[in-house]
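# Understanding the architecture of this molecule
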Amino acid sequence: MRMWNVNPKMMCNQHLLGEHVECHMFVATLNQGKSVKGYLDKGLLEIHNLKKRHDELSKEMKKRGMNHKSKLPWYKKIILGKINSQKNKIELKARCKECK
């Protein structure tokens, strides 16, 4: 699981949908009281930006004609985690020919 935190417009459908579902998975994990320390330590998660990111991804999904009916559940927002978006952008482009 990870938050790419790159512009959703540059993401292929698979990565867009994947990150969207992972936002839901992160919230479920947090609400179950499970640790996300490993994701935080590796720079894969920003807890305080999960809702904002989910909304950005949902907006792009709708622009592409995809259905979006899953609201992000409530979770306790704490300022925790830092993602290097520029590094992720380079990695995403290296991994996926479809991501611009």
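This brings us to the side chain of H20. Mapped onto the fold, H20 is located in helix 1 (residues 13-31). There is a polar contact of 3.4 Å between the side chain of H20 and the side chain of H24. Apart from residues lying up to four places away in sequence, H20 is in contact with H54, L57, S58, M61, H68 and S70.

Within the secondary structure layout, V6 lies in the segment before helix 1. Take V6: its relative accessible area is 6%, and that puts it in the buried class. Along the primary structure V6 and N49 are separated by 43 residues, whereas in three dimensions their C-alpha atoms are 13 Å apart. Discounting residues that sit within four places of it in the chain, V6 has contacts with M11, R53, S85, N88, K89 and L92.

The rules we used
- Residues numbered from 1 in each chain as written.
- Predicted model: local features only at pLDDT ≥ 70, side-chain atom pairs only at ≥ 80, totals over all residues.
- Heavy atoms only, no water.
- Helix = DSSP H or I, 4+ residues; strand = E, 2+ residues; numbered from the N terminus.
- Polar contact = N/O pair within 3.5 Å; in protein donor to acceptor, adjacent residues only side chain to side chain.
- Contact = heavy atoms within 4.5 Å.
- Buried < 20%, exposed > 50% of the residue type's maximum accessible area, 1.4 Å probe, protein only.

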